[in-house]
Every structure is written in C-alpha cells, then in structure tokens.
Amino acid sequence: MNLLTEGFLLLLLLPESLLNFEGHRVMTHDDSIKYIPLEKLTAESIPEFVPAPKNITVLREGTAFLDCPIKTSGDRPVSYPLISWVRRRDWHILTNGLLTFTTDSRFKVLYKEGSFNWVLQIKWVQERDAGQYECQVSTPTGTISREVQLHVVRTEAFIQGGEEYHVDLGSTISLTCIIENSPTPPQYIFWYHNSRMINYDVERGVKVDIRAVEDTGKQGEEDEGVRRPEEWIRTRTVSRLELPAARKEDEGNYTCMPSNSEPATVHVFIQEGNNITPLRVEAQEQQNSEQENTNFAPTLINPTLLMVLLLVLVFTAN
C-alpha cells in the first residue's frame, strides 16, 4: 500500500508559504533536510532498515519512542521526506518527513540531521495507543515498511493476604506489598498507617525493606535475529513492612503507595489472647461436625427387648 502518491509528493514540494496550514509544521531552511525526488533515486541509493527493537512496552501515562533506523548503501543516513509513520489500526498517516498529519499533539517525529533514525514519539500514552505502527519508505521499486508493536501496561500494586490482616496483641505486624507490570522499579514506596507516613518511624521500630525481582520468562527471545529489548524482562518490586510488639492503637488501615501505581490498602485487626491456629480451628470444626452426625444417628433396639415387647402385645390382645 503506497501512501505517497504523486499528488501527495507535489504538495510537499510546494513553496513553504503554502504549507502553513493549521496543525501542520512549516519546513524551514533550519531543518536542512535533503529532498531527493523519486525519479532521481538509483538502485544504489535504495534504503534498507537497520535492526532495532520491534516490541516496545511503555507504562501508561509515559512516553513511547518507536524507532525507524534506515540507511542507504555506504552507511549513509536517509534524509528526505519519503518516510512516514502510519497507525495500522485505522491506517492513519501520523507523520511524513518532519510534518505531522494528526490533530493529536501527543504525536511527533524526532529526527536529527545526519542521523539514521526517524523516531515516532507518543507522549502521555494511553491503553488505546497500544497496537501496531508502521514506518513506510517509498522507493523507485515500491514501498518498504517496518512494523513496531507498542504495548501499554498499567502498574498494579497489592498487599499479600487480602483486605484484612489479623495479628495477636504483642506480635509483629508483617505486611508485604508487591508492585507488578512495571518496566522500571518505582522511585519510592511509602507506607501509611491511616493518614500518617511511617517509613521512618524509628522510635516505633518500623522496618521497611524494598527489593526488585526480575521475571526473565521471555528473556532471550529473538525476532529476525534481533534480541528482544528489556521490556520483556518484567520487574516485580517487593516492599515489606514490619512493626514489632503490636498494640491496640496500631489497628487501622495500612497503605502501600508506590510512585508509579495506585495505592493498595489492608485493614489490620489486633486480637487479644487468640492463640488458636488455623489447623486447630479446622480440627475443632471437624470434631463438632462428627458430634452432630452422631446425635442424629438412629438408635438400634436390643433383639431380646423387642421379643418381650411382642409377647406382651400378644397376651394383651387375648
């Protein structure tokens, strides 16, 4: 699908004063872009793509950079307005050369004169931006293209154990918060007791430990000889809060608040003198159930007693 028709190229070659229409960038002499008409391209100057990552993972609300490195023979960079970025979902032409053809100001092409790479930048990425994008280059023999897959993830935080945490009076409160689906670890993780931050409550004996764990399940996969980038190495961040000698006033909401995720909250209950373990509770419930079944079981009658009762009934009838 050649999106650069003769009419489209003619528009690009018009004087810059005619290109100053709303929403589009005007080319100036400062851009120093070398324009090469299609008919002047020779077989020796036909461009080719340089290996680069084809799978990009970006955190929601972050900035995505999609690479399109391309060069001609002799390792010369391609610097003419025949390079377009297209969104495959609706085949919308986002950019051509340094011009932007969308009213969405989050999209922009980045290029430095003499560079091999035409980068599509997407700011404030949303889930709807996920999908395939295509870098297209027109050549005398047709259009060559390169696809890049954009993945958008939302960082999730949760506290192990559910929404409630029960601990005996005088025992240690130990809470573990896990942050998943984050391309990079959070810059900080704050713990709150109700509305009070307690990370540095040394007098109370609070300890906070933070460590990052890499999930390398897909690390090392290759795509056309190109090793997949770091987005395939998922980072899980674990933060553990410990509060010794639990007191009744330690009850309440405990919140784990990472810098790059929505917070996670658990309610802590302090119990007095409850030393029954879950296994003992289960055994007690089983014993009670067996006792109930025994109470409702039918009682067997002695055979001798049954015979005496029958004889009494016979003599009474006579």
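Here the structure is a predicted model, which is why all the values come from computation and not from measurement.

Here we come to the pattern of salt bridges. Scanning all chains against the criterion turns up 13 salt bridges. Of the charged contacts, one joins R60 and E61 as a salt bridge, the two residues approaching to 3.8 Å between their closest N and O atoms. Classification of E61 as partly exposed rests on a relative accessible area of 35%. Between D250 and R204 there is a salt bridge whose closest N-O contact spans 2.5 Å. Linking D250 in the loop between β21 (234-243) and β22 (252-258) with R204 in the loop between β17 (196-197) and β18 (207-215), this pair joins segments that are 46 residues apart in sequence. R204 shares its class with D250; the two are buried. What you see here is one network of salt bridges that share partners, running through R60, E61, E127 and R154.

Once that is clear, we can look at the packing of aromatic side chains. Counted under the stated rule, the structure contains 2 aromatic pairs. With a centroid separation of 3.9 Å and 10° between ring planes, the pair formed by Y111 and W118 is classed as stacked. W118 shares its class with Y111; the two are buried. On the numbers, 4.7 Å between centres and 25° between planes, the contact of Y188 with F190 is stacked.

This next bit is on the sheet that holds strand β10 (residues 119-122). The strand order β3-β10-β9 describes an open sheet built from 3 strands, whose pairing is antiparallel. Either end of the sheet is taken by a strand with one partner, and the two such strands are β3 (64-66) and β9 (107-110). Direction aside, the axes of adjacent strands within the sheet are offset by 25° on average.

Okay, the state of the cysteines next. A disulfide bridge is the covalent bond that connects two cysteines by way of their sulfur atoms. Taken as a whole and judged by the stated rule, the model has 2 disulfides. What pairs with C68 in a disulfide is C135, and their sulfur atoms sit 1.9 Å apart. As the torsion about the S-S bond is roughly -70°, the C68-C135 disulfide counts as left-handed. Note that C68 is positioned in the loop between β3 and β4 (70-72) and C135 in strand β11 (residues 131-139), a separation of 67 residues in sequence. Exposure remark for C68: the relative accessible area of 0% places this residue in the buried category.

About the thresholds
- Residues numbered from 1 in each chain as written.
- Predicted model: local features only at pLDDT ≥ 70, side-chain atom pairs only at ≥ 80, totals over all residues.
- Heavy atoms only, no water.
- Salt bridge = Lys/Arg side-chain N within 4 Å of Asp/Glu carboxyl O.
- Buried < 20%, exposed > 50% of the residue type's maximum accessible area, 1.4 Å probe, protein only.
- Helix = DSSP H or I, 4+ residues; strand = E, 2+ residues; numbered from the N terminus.
- Phe/Tyr/Trp six-rings, centres within 6.5 Å; stacked < 30°, edge-to-face > 60°.
- Pairing = 2+ DSSP bridges.
- Axes fitted to C-alpha atoms, helices over the stretch in contact; angles between N-to-C directions.
- Disulfide = S-S within 2.5 Å.

By themselves, these are just geometric observations and shouldn't be taken as functional.
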